[in-house]
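Each chain, written out:
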Amino acid sequence: PPQTLADYTSGDQLDLVLNFHLAKAFISAANRGQAAYAADAIKYSNKAMPNLQYASFITNHDQDRTLSQLYGEMEKAKIAAALLLTSPGVPFIYYGEEIGMVGKKPDENIRRPMQWSAEENAGFSGGKPWRQPDAGYIEVNVAAQADNPDSLLSLYRTLIRIRNEHPALRTGSIAFPATGKSSVFASLRVTDSETILVLIILSGE
């Protein structure tokens with residue numbers, strides 16, 4: 001829990017700690033269409049670690065992949081990405097998450113080769129990889145999404161660019177305006193130089 005993690009970022013110990021509590025909340029918010037999961041986890045994390053020395057993420061190499069946890073629903077993967085990249089913390093993206101790779105344990109199935117293209121071995125290698133790519137690589141790969149403005153990869157690229165361009169999304173304070181809708185995530189990110197209102201609709205409407 002965040003209050004335990006805080007012990008490791010005090011003083012000169014660790015620069016960052018992985019915030020599993022927040023990661024689980026991003027998945028829950030996207031899956032259930034309820035903004036409170038994410039908002040409450042951010043409040044809890046920031047209270048425990050006001051210096052914001054935590055690494056935010058959705059999933060990592062020890063967990064079922066994001067799209068698998070979201071039951072293959074690409075729109076929910078986009079919601080999770082938007083929550084991650086507009087929230088406090090230092091975001092980490094597990095390879096393949098940005099194109100919607102799937103995989104469930106055992107671990108070998110969540111660490112398959114990166115799906116670069118529809119070519120042999122997903123364009124990962126001309127040699128024999130340690131594990132065969134997921135069968136869906138023909139449709140789900142970087143080359144197929146790179147020029148599609150509606151793809152998950154394009155959304156990740158857009159969100160990363162916006163985050164890089166706006167300090168408020170990286171280091172700004174955060175508040176949560178009331179929306180009157182449980183399915184609308186709203187946050188206000190503020191620095192001395194800019195204020196950004198983030199609105200993410202979680203319901204699919």
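Refer to the preceding data block for the structure.
Residues numbered from 1 in each chain as written. Predicted model: local features only at pLDDT ≥ 70, side-chain atom pairs only at ≥ 80, totals over all residues. Heavy atoms only, no water.

Here's the deal with empty space enclosed by the protein
Over the atoms a probe the size of a water molecule is rolled, and this reveals where empty space is left. The condition is simple: Cavity: a set of points on a 1 Å grid over the protein atoms alone where a 1.4 Å probe fits but cannot get out. Pocket: an open set with protein on both sides within 12 Å along at least five of seven lines, its lining residues, like those of a cavity, having an atom within 4 Å of a point. Grid points are joined across faces, edges and corners, and a volume is the space filled by probe spheres set on the points. Classification used: nonpolar for Ala, Val, Leu, Ile, Met, Phe, Trp, Tyr, Cys and Pro, charged for Asp, Glu, Lys and Arg, polar for all others including Gly.
Going through the model one piece at a time under the given rule, you end up with one cavity of 30 Å³ or more. Its boundaries defined by the atoms lining it, the largest cavity holds a volume of some 60 Å³. Considering the residues around the largest cavity, the lining is formed by Thr59, Arg65, Thr66, Leu67, Ala77, Tyr94, Gly96, Glu97, Gly100 and Met101. Of the residues in the lining of the largest cavity, the class split is four nonpolar, four polar and two charged.

Section: the pattern of salt bridges
Basically, it comes down to this: Every case where a carboxyl oxygen of Asp or Glu lies within 4 Å of a side-chain nitrogen of Lys or Arg is listed as a salt bridge. Working definition: helices are DSSP H or I runs of at least four residues, strands are E runs of at least two. Numbering for both runs from the N terminus. In this scheme, a residue with accessible area under 20% of its type's maximum is buried, one over 50% is exposed, and one in between is partly exposed, where area comes from a 1.4 Å probe on protein chains only.
Per the counting criterion, the structure on display carries six salt bridges. A salt bridge links Glu75 to Lys78, with the shortest nitrogen-to-oxygen separation between them at 3.5 Å. Separated by three residues within a single helix, Glu75 and Lys78 lie in helix α5 (residues 74-85), roughly one turn from each other. Judged by relative accessible area, Glu75 falls into the exposed class, the value being 53%. Owing to a relative accessible area of 17%, Lys78 belongs among the buried residues under this scheme. Note that Asp107 and Arg111 form a salt bridge whose closest N and O atoms lie 3.2 Å from each other. Overall, Asp107 belongs to the partly exposed group, its relative accessible area being 23%. Residue classification places Arg111 among the partly exposed positions, given a relative accessible area of 29%. Among the ionic contacts, a cluster of salt bridges with common partners joins Asp62, Lys105, Asp107 and Arg111.

Let's talk about unusual backbone geometry
Looking along the chain, the bond that leaves Lys105 and enters Pro106 is cis, with omega of 20°. Not every positive phi belongs to a glycine, and Tyr71 is a case in point at roughly 60°. Checked against the element boundaries, Tyr71 lands in the loop between α4 (66-69) and α5. Judged by its relative accessible area of 64%, Tyr71 is exposed. With a phi close to 55°, Asn121 is a non-glycine residue in the positive phi region.

Structural notes on the packing of aromatic side chains
Test applied: Only Phe, Tyr and Trp rings are paired, with Trp represented by its six-membered ring, and only when their centres lie within 6.5 Å; those with planes under 30 degrees apart are stacked, over 60 edge-to-face, the remainder tilted. Lysine and arginine charges are scored as sitting over a ring when NZ or CZ, respectively, is within 6 Å of the ring centre and within 35 degrees of the ring normal.
This structure, assessed with the given rule, holds four aromatic pairs. Look at Phe20 and Phe57: their rings are 5.0 Å apart centre to centre, the planes differ by 85°, and that puts the pair in the edge-to-face class. In this pair, Phe20 is assigned in helix α2 (residues 20-32) and Phe57 in the loop between β2 (54-56) and α4, connecting sequence segments 37 residues apart. Overall, Phe57 belongs to the buried group, its relative accessible area being 2%. Between Phe124 and Trp130 the ring centres are 5.4 Å apart and the planes differ by 85°, which places this aromatic pair in the edge-to-face class. Note on Trp130: relative accessible area 54%, which makes it exposed. Between Arg65 and the ring centre of Tyr95, over which it is positioned, the NZ or CZ distance is 4.8 Å.

Some details on the nonpolar core
Within soluble globular proteins, side chains that are nonpolar tend to cluster in buried spots. Put simply, the rule reads: For this analysis, a nonpolar core means a set of buried residues of the types Ala, Val, Leu, Ile, Met, Phe, Trp, Tyr and Cys, connected via side-chain atoms within 4.5 Å. Working rule for contacts: check all heavy atoms of both residues, and any pair within 4.5 Å makes them a contact.
With 36 residues, the main nonpolar core has Leu83, Phe185 and Ile200 as its most contacted residues. Where this core is concerned, the elements lending two or more residues are α2, α3 (35-48), α5, α7 (152-165), α8 (167-171) and β6 (195-201). Counting residues per element, this core draws most heavily on α5, at eight residues. The residues contacting Ile200, other than those within four sequence positions of it, are Ile79, Ala82, Leu83, Thr86, Ser183, Val184 and Phe185. With five residues, the next largest nonpolar core counts Ile99, Met101, Val142 and Leu153 among its residues.

Remember, this is a structural readout, not a statement about activity or role.
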